[in-house]
Amino acid sequence: MENPYKILGVKNGSSISEIKRAYRAKAKLLHPDSGNTKDSAAFRELQAAYELLSDTKSKSLFDESFAMHKREKNTKTWDYRTWLLSRDDDESAAKLIFFDLMHAREDDSVLEFKKAIKERANFRLSAHFSRGDFMDYGFILCEELVLRSEYYDAFLLLEQIIKMEKAHEYFRHFFPEVMDLARSILKTHIEHSVPDELALDSWERALELGFGKKDDAFFLMKMAGAYRRIGDERTARICEEESKRM
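So, here's what we can say about the structure. The model shown is predicted, which means the values in this text are computed figures rather than measured ones.

1. What about the overall build of the protein?
Along the backbone of the protein there are 13 helices and zero strands. Taken over the C-alpha atoms alone, the protein extends approximately 65 × 50 × 30 Å along its principal axes. Here the protein holds 246 residues, and 43% of them are scored as buried. In the protein, the proportion of contacts linking residues at least 24 apart, taken out of those at least 6 apart, comes to 62%. For the protein, the exposed surface amounts to about 13900 Å²; the carbon and sulfur share of it is 50%. The positive charge centre, built from 41 side chains, and the negative charge centre, built from 45, are 2 Å apart in the protein.

Dropping the structure here:
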């Protein structure tokens, strides 16, 4: 197989986040469901390259053996990240979050995101990027938040992405992956990981996202349990009745 980085169209040594984004972008063009049957071989090659580089261990082995990527020299040139850190506006904060996300500084990216939404009034990542960049990078950030058990913040970010997708298709073949991540958070992780009030907020928001009657019935039963725990028996019964009607 040709250099998998070249197949994906990224630089040697690119981060897992960059590899994921490049794969999604190229797969949209080559996927057989898009009518590009003549490119089926190229799609299989793309999948093989992605499978190799998306696995941390196999990627590391390839990087060590290939040994062709160039490392940036440690010079005293102007540093973009340092410049972003020195600024105190929302746009710079947003760009720093995604810059770190795409340069193998995922922990820093998550911490910067958490700090921004806590300390900056009405902070929205989507305000500072193109729609496509926000959806791509935002979904990768959601995955990193979930890995660190930041489920509520991950869901709120996914909610924006889901609403954007439903308003105008972008992810296409990968949208089920977005919905599955949101569904996993709502069904498995959000309960007991945050106060009941925040869990209720998540399930109520989910009812507006079009998961389907079966999922909505599940969310309503979860809401009933949460309302009961906070002492609101009347609303708990309403949620149970609505769940049964579904």
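2. Focus: the packing of aromatic side chains
Per the counting criterion, the structure on display carries ten aromatic pairs. Measuring from ring centre to ring centre gives 6.1 Å for Tyr80 and Trp83, while their planes differ by 25°; the resulting arrangement is stacked. With Tyr80 and Trp83 both in helix H5 (residues 80-85) and three residues apart, the pair spans about one turn of that helix. The partly exposed category is assigned to Trp83, whose relative accessible area is 34%. Aromatic pair Phe218 and Phe219: ring centres 6.3 Å apart, planes at 80°, arrangement edge-to-face. The class of Phe219 is buried, set by a relative accessible area of 0%. Ring-pair connections join several aromatic residues into one group, and the members of that group are Tyr23, Tyr50 and Phe174. The ring of Tyr170 is capped by Lys28, whose NZ or CZ atom sits 3.5 Å from the centre of that ring.

3. Digging into the pattern of salt bridges
Tallied over the entire structure, the rule returns 31 salt bridges. Put simply, Arg81 and Glu112 hold a salt bridge, and the shortest N to O gap is 3.3 Å. Placement of the pair is Arg81 in helix H5 and Glu112 in helix H7 (residues 106-119), with a sequence separation of 31 residues. Accessibility assignment for this pair places Arg81 and Glu112 in one class, buried. Across the pair Asp100 and Arg105 runs a salt bridge whose closest N-O atoms are separated by 3.8 Å. On the accessibility criterion, Asp100 (0% relative accessible area) is buried. The exposure class of Arg105 is partly exposed, given its relative accessible area of 34%. Linked by salt bridges that have partners in common, Arg81, Asp100, Arg105, Asp108 and Glu112 make up one network.

4. So, the nonpolar core
The biggest cluster of nonpolar side chains holds 69 residues, and the ones touching the most others in it are Leu8, Phe98, Leu125, Leu141, Ile185, Trp203 and Phe211. Counting residues per element, this core draws most heavily on helix H8 (residues 131-147), which supplies nine residues.

5. Points about the layout of surface pockets
Taken as a whole, the second largest pocket holds about 340 Å³ of empty space. Along the wall of the second largest pocket there are 16 residues; nearest its centre are Phe123, Arg124, Leu156, Leu157 and Gln160. Elements that contribute at least two residues to the lining of the second largest pocket include exactly H7 and helix H9 (151-167). Examining the composition of the lining of the second largest pocket, we find that eight residues originate from one element, H9, more than from any other. A class-by-class count of the residues in the lining of the second largest pocket yields eight nonpolar, two polar and six charged.

Basis of the calculations
Along every chain, residues carry numbers that run from 1 in the direction the sequence is written. Local features in a predicted model are, by the rule used here, given only for residues with pLDDT of at least 70; side-chain atom pairs are given and counted only at 80 or more, and totals for whole chains, interfaces and linings are based on all residues. Computation of side-chain values covers all heavy atoms of the structure but excludes hydrogens and water. Numbering goes from the N terminus for both helices and strands, where a helix is a DSSP run of H or I of at least four residues and a strand is a run of E of at least two. Burial classification: accessible surface area is computed with a 1.4 Å probe over protein chains only, and a residue below 20% of its type maximum counts as buried, one above 50% as exposed, and the rest as partly exposed. Contacts were defined at the residue level, with two residues in contact if any of their heavy atoms lie within 4.5 Å. Computed with the Shrake-Rupley method and a 1.4 Å probe, the accessible areas treat only the protein chains shown as cover for residues. By the counting rule applied here, Lys and Arg register as positive and Asp and Glu as negative, while His and the ends of each chain are not counted. Where a charge lies is defined by one atom per residue type: Lys uses NZ, Arg uses CZ, Asp uses CG and Glu uses CD. Stacked, tilted and edge-to-face pairs are distinguished by plane angle, under 30 degrees for stacked and over 60 for edge-to-face with tilted covering the rest, among Phe, Tyr and Trp rings (Trp via its six-membered ring) whose centres lie within 6.5 Å. Consider the ring centre and the ring normal. A charge sits over the ring if Lys NZ or Arg CZ is within 6 Å of that centre and within 35 degrees of that normal. The working definition used for a salt bridge is a side-chain nitrogen of Lys or Arg within 4 Å of a carboxyl oxygen of Asp or Glu. What makes a nonpolar core is a set of buried Ala, Val, Leu, Ile, Met, Phe, Trp, Tyr and Cys residues whose side-chain atoms join them at distances within 4.5 Å. In this analysis the probe radius is 1.4 Å and the grid spacing 1 Å, with only protein atoms considered; a cavity is a set of points the probe fits into but cannot get out of, a pocket is an open set with protein on both sides within 12 Å along at least five of seven lines, and lining residues have an atom within 4 Å of a point. Grid points are joined across faces, edges and corners, and a volume is the space filled by probe spheres set on the points. In this classification, Asp, Glu, Lys and Arg are treated as charged, Ala, Val, Leu, Ile, Met, Phe, Trp, Tyr, Cys and Pro as nonpolar, and every other residue, Gly included, as polar.

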